[in-house]
Every structure is written in structure tokens, then in C-alpha cells.
Amino acid sequence: MKYLEYSNGDKLPLIGLGTWKSKQDEVSKAISYALLNGYKHIDCAAIYENESEIGAVFKDLFSSGKINREDIHITSKLWNSNHQFADVEPAIVKTLNDLKLDYLDLYLIHWPVAFQPGVTYPVKAEDFISLEDVPLVDTWKAMIELKKKGLTKHIGVSNFSIKKLEDLKHNSGVVPEVNQVEMHVYLQQPELRKYCEANGILLTGYSPLGSPDRPAEIKAENEPSLMQDPVVNELAMKYNVHAANILTAWHVNNNIATIPKSTNEKNIQSNLNSANLNFDKEDLRTLEKLDKHYRFLAADYFEMEGNPYHDIFDEQ
Ligand SMILES: NC(=O)c1ccc[n+]([C@@H]2O[C@H](COP(=O)([O-])OP(=O)(O)OC[C@H]3O[C@@H](n4cnc5c(N)ncnc54)[C@H](OP(=O)(O)O)[C@@H]3O)[C@@H](O)[C@H]2O)c1
């Protein structure tokens with residue numbers, strides 16, 4: 001399996017299995033199938049509400065010796081209601097208990113957005129806390145402590161702009177090791193990629209297939225379809241693969257890790273095989289031209305009248 005390398009030599013496998021929207025009654029089979037068929041990287045989060053089902057599979061496979069825990073890169077994420085310094089360690093401890101692990105490989109601040117403690121999904125402006133009241137750098141300093149305590153081997157962030165990465169770097173002196181962001185052929189973000197490369201930040205691209213199974217209420221009307229894109233499908237014909245393989249191979253060919261979600265065994269296997277597709281320069285240029293700065297997860301549900309969040313990607 002191809003991988004990226006952390007500064008201490010640890011490996012971040014380029015293809016992992018995503019688990020957002022993987023239903024509690026389907027996720028166990030998916031994780032078990034993936035790990036027994038070559039996956040070395042699983043992407044979890046407390047908010048996906050399936051970590052205890054995933055943990056039961058980890059326990060079974062690791063304790064029976066079928067899979068070595070040390071060979072698998074496991075990520076989880078701190079939810080927005082736990083940004084206050086004192087809430088960060090209890091949050092990772094809960095995730096470790098659910099996942100039945102002694103340590104994570106990577107723990108991420110899920111979003112640069114803070115909610116009041118106890119609020120899972122905000123429904124009104126008062127459910128949020130401003131970044132003046134809970135600065136991201138304070139949350140980040142708590143993440144640094146988790147790494148020192150060995151609760152996670154690596155720490156990073158998710159959905160952070162260059163501006164927010166710079167703030168953390170200057171105000172804590174510790175650069176996040178990973179930034180996990182939406183990234184695919186319609187949202188290639190060349191400036192963010194350049195910045196991360198220059199600062200030694202590894203990138204993971206989420207929603208590589210355009211997240212077609214997310215709820216209708218967080219989909220834009222008439223959104224484009226990555227898997228139906230004619231250029232992607234032409235390349236799929238050329239390589240005799242599914243369009244999904246072209247989309248995830250774009251990440252691999254650009255040294256970006258990616259975590260396609262699937263609970264379908266055929267798709268799980270097929271997505272892993274994408275790592276073996278090598279594009280020539282012309283294919284890469286063809287795919288580069290598809291960029292249209294299109295976000296499937298515009299995250300406008302974090303922006304409510306009267307709350308302090310208006311431009312979380314710092315794009316306006
Ligand atoms: N950090 C963050 O804020 C954040 C945000 C979003 C996502 N993520 C992570 O990134 C992961 C992936 O993103 P996503 O779940 O939004 O969407 P995605 O991976 O872009 O798309 C998942 C959809 O594609 C289908 N699919 C998967 N492989 C396929 C294949 N080979 N052929 C055809 N269809 C295929 C899946 O169906 P089947 O299950 O039926 O195969 C599912 O409907 C998440 O699960 C999560 O772990 C992180």
C-alpha cells in the first residue's frame with residue numbers, strides 16, 4: 001500500500017475507509033471486510049455515532065491476532081462541543097473506550113467551529129461559542145497535550161484554511177501534522193496544497209466521490225455529479241475501471257491521502273485497487289482542468305443568523 005510519511009517516519013496509507021453515514025448495522029461488516037482485505041487506514045469520528053460498533057470489530061480482529069493493531073492507521077476526530085481545553089482529553093478517552101484502543105494514530109479537530117458543551121447539533125445561534133471565547137489555539141494546545149500523553153501518535157486538524165493553519169503555527173509553535181479537507185477533482189485547492197507541502201502538513205481529501213449518500217437537506221439543488229462526469233468516465237473507459245477509481249486515483253497520483261466511504265464489499269475492494277492506477281502527464285493535466293472550486297459540503301448549517309460564524313473556509 002502506498003503511503004505518506006509523518007516527520008518521525010510513521011506511515012499514513014494513501015487509501016483509507018471512510019465511515020461517515022455507515023449505518024451501525026452495516027459498519028461492522030464493512031470494517032471487518034476492509035481490514036481482512038488489505039486496508040491499513042480507517043477514518044472515524046465521534047460524531048458518526050458508530051465508533052462502538054467499529055470498536056467491537058477492532059477488538060475481535062486485534063485480540064485474535066488476525067490483524068496487527070500496529071499495522072493499522074486509525075483516525076478519529078474531536079467534536080465541536082468539546083473545544084474547551086478541559087473537555088478535549090475526556091473526548092479522546094471516550095473515543096478510545098468506544099473504539100477499544102489504547103491509542104489513536106491521528107486525532108483531528110473536526111471543524112474550526114465551537115458549540116456549547118452538550119450541544120451535538122446546533123439549532124439556534126446561542127448553541128455556538130465564538131472563536132474569541134474558545135480560541136482554536138486553546139483547543140490545539142489541549143491536542144498537543146494528548147500527543148505528549150501518548151493517547152494519540154499524531155495530531156491534526158480538519159476543514160482548516162491557510163489563515164487558520166497560520167494562526168495555530170504562530171500562536172502555538174506546533175504545526176498540525178495533517179489537515180483533512182474536502183478535496184477532489186472539482187475542488188483541487190492548489191494554494192492550500194502548496195502551503196501544506198511547504199509546511200510539512202500531510203493532506204487527506206474527504207468526500208472524494210462527491211458524497212452522494214449524504215442527506216438531501218445538506219445537498220445543494222442541481223449539484224454536479226463527480227461519478228457521472230464525462231471526462232472522468234472517458235478515462236474510466238481508457239483504464240477499464242469504474243469512475244470512482246479514477247477519482248480516488250487522482251488523490252494517490254497527487255500524494256494526497258483519501259478515505260472513500262463504502263459499506264459495499266465490491267466497492268470497498270475496488271476503491272483500494274485505485275492505488276495501483278498510474279496516470280501519465282496528459283491524464284493528470286486532463287483531470288487538473290476539471291477543477292471548478294465546487295464544495296459539496298459548504299457547511300452553511302454552521303452559519304445561522306446571529307451566530308459568530310460566517311466564512312469558516314475564509315473564502316470571502
Ligand atoms: N473531516 C470532515 O469534516 C469530513 C467530512 C466528510 C467526510 N469525511 C470523511 O470522508 C469519508 C468519505 O466522504 P463521504 O462519506 O462524504 O463520501 P464519498 O466517499 O465521496 O462517497 C460515498 C458514497 O460513494 C459510494 N461509493 C463508494 N465507493 C464506490 C464505488 N467504488 N463505486 C460507486 N459508488 C461508490 C458509497 O456507496 P456504498 O457505501 O454503497 O459503496 C457512498 O454512497 C467519510 O465517510 C468520512 O470518513 C470527513
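Let me begin by describing the structure that accompanies this report. (Residues numbered from 1 in each chain as written. Predicted model: local features only at pLDDT ≥ 70, side-chain atom pairs only at ≥ 80, totals over all residues. Heavy atoms only, no water.)

1. What to know about the overall build of the protein chain
Phase 1 of the analysis: The helix and strand inventory of the protein chain stands at ten helices and twelve strands.
Phase 2 of the analysis: Taken over C-alpha atoms, the radius of gyration comes to 19 Å for the protein chain, in line with the 20 Å a tight globule of 316 residues would show.
Phase 3 of the analysis: Dimensions of the protein chain along its principal axes, counting C-alpha atoms only, are 55 × 50 × 40 Å.
Phase 4 of the analysis: A burial count over the protein chain gives 53% of its 316 residues as buried.
Phase 5 of the analysis: Taking the intrachain contacts of the protein chain between residues at least 6 apart in sequence as the baseline, contacts between residues at least 24 apart amount to 73%.
Phase 6 of the analysis: A total accessible area of about 14,400 Å² is found for the protein chain, and carbon and sulfur atoms account for 48% of it.
Phase 7 of the analysis: Treating the 33 positive side-chain charges of the protein chain as one cloud and the 46 negative ones as another, the clouds have centres 6 Å apart. (Helix = DSSP H or I, 4+ residues; strand = E, 2+ residues; numbered from the N terminus. Rg over C-alpha atoms; globule rule 2.2 N^0.38 Å. Buried < 20%, exposed > 50% of the residue type's maximum accessible area, 1.4 Å probe, protein only. Contact = heavy atoms within 4.5 Å. Areas by Shrake-Rupley, 256 points an atom, 1.4 Å probe, with all protein chains shown as cover. Lys, Arg positive; Asp, Glu negative; His and termini not counted. Charge placed at Lys NZ, Arg CZ, Asp CG, Glu CD.)

2. Some remarks on the site of the ligand
Phase 1 of the analysis: K21, D43, L209, S211 and S262 are the nearest of the 32 residues found near the ligand.
Phase 2 of the analysis: In this structure, T19 approaches the ligand through a main-chain N or O atom, which is 3.2 Å from an oxygen atom.
Phase 3 of the analysis: Within the contact set of the ligand, an oxygen atom lies 2.7 Å away from a side-chain nitrogen or oxygen of D43.
Phase 4 of the analysis: Here the ligand has 900 Å² of accessible area as a free molecule, and 90% of this is covered by the chains.
Phase 5 of the analysis: Residues of the shell around the ligand, tallied by class, amount to twelve nonpolar, 15 polar and five charged. (Near = heavy atom within 4 Å. Polar contact = N/O pair within 3.5 Å; in protein donor to acceptor, adjacent residues only side chain to side chain. Nonpolar A, V, L, I, M, F, W, Y, C, P; charged D, E, K, R; others polar.)

3. Here we look at the side chain of H251
Phase 1 of the analysis: Following the sequence through the fold, H251 ends up in helix α8 (residues 243-253).
Phase 2 of the analysis: On the basis of relative accessible area, H251 is assigned to the buried category, the value being 0%.
Phase 3 of the analysis: Leaving out residues up to four positions away in the same chain, H251 has contacts with M183, H184, G205, P208, I256, A257 and T258.

4. Details of the pairing of strand β11 (residues 202-206)
Phase 1 of the analysis: By the criterion of burial, β11 is predominantly enclosed, with five of the five residues buried.
Phase 2 of the analysis: Here β11 shows a buried face lined by L202, T204 and Y206 and a second buried face lined by L203 and G205.
Phase 3 of the analysis: Where strand β10 (residues 178-182) and β11 come together, five bridges link them in parallel fashion. Looking at β11, one finds that N179 is bridged to L203.
Phase 4 of the analysis: Once the chain exits β10 it traverses helix α6 (residues 190-198) before rejoining the sheet at β11, and the crossover so formed is right-handed.
Phase 5 of the analysis: The pairing of β11 with strand β12 (residues 257-258) spans two bridges and is parallel. By the bridge assignment for β12, T204 is matched with A257. (Pairing = 2+ DSSP bridges. Right-handed = clockwise from strand over helix to strand, strands pointing away.)

5. Description of the pairing of strand β9 (residues 152-158)
Phase 1 of the analysis: Most of β9 is tucked away: six of the seven residues are buried.
Phase 2 of the analysis: Alignment of strand β6 (residues 104-109) against β9, held across five bridges, turns out to be parallel. Paired with L106 across the bridge in β9 is H154.
Phase 3 of the analysis: Pairing analysis gives two bridges linking β9 to β10, with the strands arranged parallel.

6. With respect to the packing of aromatic side chains
Phase 1 of the analysis: Counted according to the given criterion, the structure contains ten aromatic pairs.
Phase 2 of the analysis: Geometrically, the ring pair formed by F115 and F128 is edge-to-face, given 5.4 Å between the ring centres and 85° between the ring planes. Of this pair, F115 sits in strand β7 (residues 114-115) while F128 sits in strand β8 (residues 128-129), placing them 13 residues apart in sequence.
Phase 3 of the analysis: F115 sits in the buried class, given a relative accessible area of 2%.
Phase 4 of the analysis: A relative accessible area of 5% places F128 in the buried class.
Phase 5 of the analysis: Members of the aromatic cluster, connected to one another through ring pairs, are W79, W111, F115, F128, Y301, F302, Y309 and F313.
Phase 6 of the analysis: When the ring centre of Y103 is taken as reference, the NZ or CZ atom of R69 above it lies at 4.0 Å.
Phase 7 of the analysis: One cation-aromatic arrangement involves K292 over Y186; the distance from NZ or CZ to the ring centre is 4.2 Å. (Phe/Tyr/Trp six-rings, centres within 6.5 Å; stacked < 30°, edge-to-face > 60°. Lys NZ or Arg CZ within 6 Å of the ring centre and 35° of its normal.)

7. Topic: helix α9 (residues 265-273)
Phase 1 of the analysis: Listing the buried residues of α9 in full gives I268, N271 and L272. The buried side chains of α9 occupy one side of the element, clustering within an arc of 100° when seen end-on.
Phase 2 of the analysis: Buried residues along α9 sit against β3 (17-18), α1 (24-36) and α8.
Phase 3 of the analysis: A side-chain oxygen of the first residue of α9 lies 2.9 Å from the backbone nitrogen of K266; this N-cap is N264. (Arc of directions from axis to C-beta.)

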